[in-house]
Amino acid sequence: MPEIPNSRIRKLRTWIPGKRSSELIGVDENQNQITLIDLASNDYLDLARHPLLIEAAKKILETDGVGSGGSRFITGSRNIHQRLETKLAEWLDREIVLLYPSGFQANLAAVLALADRHTPVICDRLIHHSLLVGIKASGAKLIRFKHNNLSELERLLKKSRQRNPQKKPLVITESLFSMEGTTAPIKEISKLCIKYDSKLLIDEAHAFGVMGPEGRGESFGLKEPISIISGTFGKAFGSGGAFLATDKITGENLIQNCGAFRYTTALAPPLCASALAALNLIESNPNWGSELKEKSIALRDRLSQIGWQRPSGEGPIISIILGSDKLAMDYQNKLEAQGLLTVAIRPPTVPEGKSRLRLVIRRNTTVQVFERLFKVLKNK
């Protein structure tokens, strides 16, 4: 195996939740206890420790236990699985929703359901690793287009249809990109897929709950040509597990033929219960996503005002490109010294020369926290 440079060695750090939902307690390099404000996790809506989610999980623990004990086809199906799937399908206006233990697993299943070794798969260059693993497992031909570049996507679609008119290409993109903070032009991509009779898979993992109409995702309201939407409960929903939302025919194919669904222990009932509680909260607070978007745009504006290049996007992920591994780590350490937890993202997670700070804005992030952040970032 190739040797990993010291600047890219990742270290596991253990955290204990603090008194407030935004606080994490850990130790520094000198083993001193530190309390930091979390600006790194994907708990965008501060729901992971919400009393209603905890109460929902406790209630199911008492009746259904901790784990499901089997796959959905053996003994793993519970009423709470069906309740969550039904409610989510209604909320997203999709015919069927299927639950998976993780987003990685759901993405594998989605790609394998839509592609085989004869399928041209045309994907955004920055899609998640799980989707790339799925493409490799399918044996499909991988074709990549520049990030959010519609003209290149159209050129590749046109070329693919001319080369093999009998085989529908599969286009894959994310709606909110986890390391860039950018949002894909889903409507325009959908139009191109319709024009060239192509299938479309959208990973809504980071947008689900916070982006699009009432937090229902950037693809909400679009049916054709979207074949499958992938989403997770481990981010804005503050729980765990994932789902695929699709039409009845594709859903039945997933149930009958998808190994990632058939041969895995069903999602733990307490996670289903907390995800359902989160869904009810988000549905009851339809402005949460738009309010978070406004806060995120304001922070980008402020960064621009103090001399940084304005980060792309409008969502709660804010990516500050620094270039070198060392500079990214230096800023991580400076912010930690001010009581703020951010993470330096380095290759291979991002391209060479694109090391960065990844900031995450949460619903309850205060103005005071922002001021502490700007105090450090002002001194470039």
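Residues numbered from 1 in each chain as written. Predicted model: local features only at pLDDT ≥ 70, side-chain atom pairs only at ≥ 80, totals over all residues. Heavy atoms only, no water.

**Here's the deal with helix H1 (residues 51–64)**
Cut-off, in case you're wondering: Strands are runs of DSSP state E lasting at least 2 residues, helices are runs of H or I lasting at least 4, and numbering of each runs from the N terminus. Here the expected span of a helix is defined as 1.5 Å times the quantity of residues minus one. What makes two residues a contact is simply this: any of their non-hydrogen atoms within 4.5 Å.
Between its first and last C-alpha, H1 extends 20 Å over 14 residues, near the 20 Å set by a 1.5 Å rise per residue. Tucked inside the fold, the buried residues of H1 contact helix H2 (79–92) and helix H9 (269–284). At the C-terminal side of H1, glycine 65 shows a positive phi close to 85°.

**A closer look at the sheet that holds strand S7 (residues 170–174)**
This is how the line gets drawn: If DSSP finds at least two bridges between two strands, the strands pair. To get an axis, fit a line to the C-alpha atoms, keeping to the stretch in contact for a helix; angles then go from 0 to 180 degrees between the N-to-C directions.
In spatial order, the strands read S4-S10-S9-S8-S7-S5-S6; together these 7 strands make up an open sheet with mixed pairing. A single partner strand is all that each edge strand has here, and the edge strands are strand S4 (96–100) and strand S6 (141–145). Geometrically, the sheet is characterised by an average inter-axis angle of 20° between neighbouring strands, direction not taken into account. Relative to strand S10 (residues 242–246), strand S9 (residues 226–232) runs antiparallel, the two sharing 5 bridges. Following the sheet pairing, isoleucine 229 is matched in S10 by alanine 245.

**So, the packing of aromatic side chains**
Which entries qualify depends on this criterion: The pairing test for Phe, Tyr and Trp rings, Trp by its six-membered ring, is centres within 6.5 Å, and the orientation test on the planes gives stacked under 30 degrees, edge-to-face over 60, and tilted for anything in between. Throughout, exposure labels follow a simple rule: accessible area from a 1.4 Å probe, protein chains only, divided by the maximum for the residue type, with under 20% read as buried, over 50% as exposed, and the rest as partly exposed. Only when the NZ of Lys or the CZ of Arg is both within 6 Å of the ring centre and within 35 degrees of the ring normal is a charge said to sit over the ring.
Inspection of every chain in the model, using the stated rule, returns 10 aromatic pairs. With a centroid separation of 5.8 Å and 50° between ring planes, the pair formed by phenylalanine 233 and phenylalanine 237 is classed as tilted. Phenylalanine 237 sits in the buried class, given a relative accessible area of 0%. Aromatic side chains tryptophan 308 and tyrosine 331 sit 5.7 Å apart centroid to centroid with 75° between the ring planes, which places their arrangement in the edge-to-face category. One end of the pair, tryptophan 308, is in the loop between helix H10 (288–305) and strand S11 (317–323); the other, tyrosine 331, is in helix H11 (residues 325–337), with 23 residues separating them in the sequence. A relative accessible area of 4% places tyrosine 331 in the buried class. An aromatic cluster of at least three residues, connected via ring pairs, comprises Trp91, Phe208, Phe233, Phe237 and Phe243. For lysine 334, the ring lying beneath its charged end belongs to tyrosine 331, and the centroid distance is 4.7 Å.

**Quick notes on the pairing of strand S5 (residues 120–124)**
Note the threshold: Convention used here: a crossover is right-handed provided that the path from the first strand, over the helix, to the second strand proceeds clockwise when the strands point away from the viewer.
In terms of burial, S5 is largely enclosed, as 5 of its 5 residues are buried. With 5 bridges joining them, S5 and S6 adopt parallel strand pairing. Note on S6: the bridge partner recorded for proline 120 is lysine 141. Once the chain exits S5 it traverses helix H4 (residues 129–138) before rejoining the sheet at S6, and the crossover so formed is right-handed. Taken together, the 3 bridges between S5 and S7 define a ladder with parallel strand orientation. Looking at the pairing, cysteine 123 lines up with isoleucine 172 of S7.

**Some thoughts on the sheet that holds strand S2 (residues 23–27)**
Sheet architecture is open: 4 strands sit in the order S1-S2-S3-S12, paired in mixed fashion. Each edge of the sheet is formed by a strand with only one pairing partner; in this case those strands are strand S1 (16–17) and strand S12 (340–341). Sheet topology places strand S3 (residues 33–38) next to S12; 2 bridges connect them, and they run parallel. Note on S12: the bridge partner recorded for aspartate 38 is leucine 341.

**Overview of the side chain of histidine 50**
Stated formally: Think of a polar contact as two N or O atoms within 3.5 Å of one another; within protein, one of them needs to be a possible hydrogen donor and the other a possible acceptor, and neighboring residues in sequence only count if both atoms come from side chains.
Its location among the elements puts histidine 50 in the loop between S3 and H1. Given a relative accessible area of 18%, histidine 50 falls into the buried group. Separated by 3.1 Å, the side chain of histidine 50 and the backbone nitrogen of leucine 52 make a polar contact.

**Some details on the pattern of salt bridges**
Put simply, the rule reads: Salt bridges are defined by distance alone: a side-chain nitrogen of Lys or Arg within 4 Å of a carboxyl oxygen of Asp or Glu.
Applying the stated criterion to the full structure yields 20 salt bridges. In this structure, glutamate 85 engages arginine 72 in a salt bridge whose closest nitrogen and oxygen atoms are separated by 2.9 Å. Pair noted here: glutamate 85 is in helix H2 and arginine 72 is in the loop between H1 and H2, with a separation of 13 residues, a long-range link. Exposure remark for glutamate 85: the relative accessible area of 10% places this residue in the buried category. A salt bridge links aspartate 116 to lysine 167; the shortest N-O distance between them is 3.6 Å.

**Topic: the environment of alanine 236**
By the secondary structure assignment, alanine 236 is in the loop between S9 and S10. Residue alanine 236 is classed as buried on the basis of its relative accessible area of 1%. Note: C-alpha distance between alanine 236 and asparagine 379 (143 residues apart in sequence) is 32 Å. Excluding residues that lie within four positions of it along the chain, alanine 236 makes contacts with Asn42, Tyr44, Leu45, Leu47, Phe208, Gly209 and Val210.

**Some words on helix H3 (residues 103–114)**
For H3, with 12 residues, the first-to-last C-alpha span of 17 Å sits near the 16 Å given by 1.5 Å per residue. Regarding H3, the residues found buried are Gly103, Gln105, Ala106, Asn107, Ala109, Ala110, Val111 and Leu114.

**A short note on unusual backbone geometry**
Geometrically, the link from glutamate 224 to proline 225 is a cis peptide bond, its omega value of 5° lying close to zero. As for its position among the elements, proline 225 is in the loop between strand S8 (199–203) and S9. You will see that aspartate 46, though not glycine, has its phi angle at about 55°, which is positive. With respect to the secondary-structure elements, aspartate 46 resides in the loop between S3 and H1. One non-glycine residue, glutamate 214, lies in positive phi territory at about 55°. Among the structural elements, glutamate 214 can be located in the loop between S8 and S9. The class for glutamate 214 is partly exposed, based on a relative accessible area of 39%.

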